[in-house]
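Chain residues, written in single-letter form:
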Amino acid sequence: MNRSVRRAVICAAGLVLAAVAAGVSGVAPPLWPDGTVNAGSIGAQPVGPALKTFPLLARHASTGKLRAYEPNGTGGLKSGYELGGGFGDATALAQANVSEGGRANDIYHRAAGTLYYTAEHGNDTKVVGGGWDIYNTIVSVGNMGGSADADLVGRDASGSLWLYQGKSDGTLAARIRIGTGWNAMTLVGRGDYTGDGKADLLARYSDGTLNIYAGTGAATADAVVAARYPVGGGWDAYKTLASAGDTDGDGKTDLIAADPAGALWLFKGTGNAAAPFAARVQIGTSGWAAFDVLF
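Just so you know, these numbers come straight off a predicted model, no measurement behind them.

Peer 1: It is not clear to me how the overall build of the protein chain should be interpreted in this structure. Could you clarify?
Peer 2: Helix and strand content of the protein chain: one helix and 22 strands. Put simply, the protein chain has 295 residues, and 54% of those count as buried. Of all intrachain contacts in the protein chain linking residues separated by at least 6 positions in sequence, the fraction that spans at least 24 positions is 43%.

Given below as structure tokens:
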């Protein structure tokens, strides 16, 4: 990403990423991080105190451009819209509902070890802090620690997992250790998969097994998650796992998976920890292999 780009407005599904070169005063047309003019937004996103549906964002592996796909309310996705380029050097990307009382779609991204935050309706990209390259995974998990704002989770090289509680201005509180031994897992958040009203973590192990780690709703060291619920094996058949919240509009968090051939699958959530997902339904036939990040 061009280092001169330091101011941005992000709005996706209502998320539109715009950037203005540092030092420019007055009103300027919205730009993408690659310097091209943004001609418009993606469309209206239903908002409320407990926003549970959000767009699925995807980064193209070769171009670094982002696209946004809004859920259509029945389990599928609407046609995608390009959000712009310049994200090829982002080493982590995460959505979070922080601003506007948790109703807006905001974004965190990491570049060169620095973590940045941009609100959906704002005019500045905020530096959250440096040193974030100590984490090999950064995941948005919703309100996991029991505060009013969305949180982030980071995993370090030793396999320790850390919770950063969010604040209403996009900054983060001091980290709290979730636990150790989280190496070699693919993590997915932003959802209540057990039906108890608390945000959980999904973890896919290197052998392809998937587990739910139920959130406790407490920001207590080594007690942020508690019970583990096995989902099953064979999940290594998928290149990427992601959540767009309640994709089909039934009030339960769903899971989206892309396979290596480029097909996209929806696993509808049941809200039952013993059998958390219904049988998969194909919602995309091809092309998804071109994306290296879904978030």
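Peer 1: What is the right way to look at the sheet that holds strand β13 (residues 176-179) in this model?
Peer 2: Within a beta sheet, neighbouring strands are joined by backbone hydrogen bonds and run either parallel or antiparallel to one another. Reading across the sheet, the four strands line up as β10-β11-β12-β13 and stay open at both edges, with antiparallel pairing between neighbours. The sheet is open, and its two borders are formed by β10 (135-142) and β13, each paired with just one other strand. Pairwise comparison of adjacent strand axes, ignoring direction, gives a mean angle of 30° for this sheet. In this sheet, strand β12 (residues 161-164) lies alongside strand β11 (residues 151-156) in antiparallel orientation, the contact comprising four bridges. Residue pairing across strands places Val153 opposite Leu163, the latter belonging to β12.

Peer 1: Explanation requested: the sheet that holds strand β16 (residues 210-215) in the structure shown.
Peer 2: Pairing in this open sheet of four strands is antiparallel, and the strands run β14-β15-β16-β17 from one edge to the other. Looking at the sheet topology across the chains shown, the edges are occupied by β14 (186-191) and β17 (225-232). Sheet twist, expressed as the average angle between the axes of neighbouring strands with direction ignored, equals 25°. Note: β16 against β17, five bridges, orientation antiparallel. Pairing of Gly215 across the sheet is with Val225, part of β17.

Peer 1: Quick question: what am I supposed to make of the pattern of salt bridges here?
Peer 2: Pairs can form between side chains of opposite charge whenever their charged atoms are close. Counted according to the given criterion, the structure contains three salt bridges. Ionic pairing is found between Asp292 and Arg59, a salt bridge with its closest N-O pair at 3.1 Å. One end of the pair, Asp292, is in strand β22 (residues 291-294); the other, Arg59, is in strand β3 (residues 56-60), and 233 residues separate them in sequence. Between Arg177 and Asp222 there is a salt bridge, with its nearest N and O atoms 2.9 Å apart. Taken together, the residues Arg177 in strand β13 and Asp222 in the loop between β16 and β17 connect sequence positions 45 residues apart.

The rules behind the values
- Here, residues in each chain are numbered from 1, in the same order as that chain's written sequence.
- Reporting of local features is limited, given that this is a predicted model, to residues whose pLDDT is at least 70; pairs of side-chain atoms are given and counted only at 80 or more, and all residues count toward the totals for whole chains, interfaces and linings.
- By convention in this description, side-chain values take in all heavy atoms of the structure and omit both hydrogens and water.
- Strands are runs of DSSP state E lasting at least two residues, helices are runs of H or I lasting at least four, and both sets are numbered from the N terminus onward.
- Each residue gets one of three labels from its accessible area relative to the maximum for its type: buried under 20%, exposed over 50%, partly exposed in between, using a 1.4 Å probe on protein chains only.
- Note on definitions: a residue-residue contact is assigned when non-hydrogen atoms from the two residues lie within 4.5 Å.
- The pairing criterion is simple: DSSP has to find at least two bridges between the two strands.
- Fitted lines through C-alpha atoms give the axes, limited to the stretch in contact for helices. The angle between two N-to-C directions lies from 0 to 180 degrees.
- Basic side-chain nitrogens of Lys or Arg form a salt bridge, by our definition, when they fall within 4 Å of a carboxyl oxygen of Asp or Glu.

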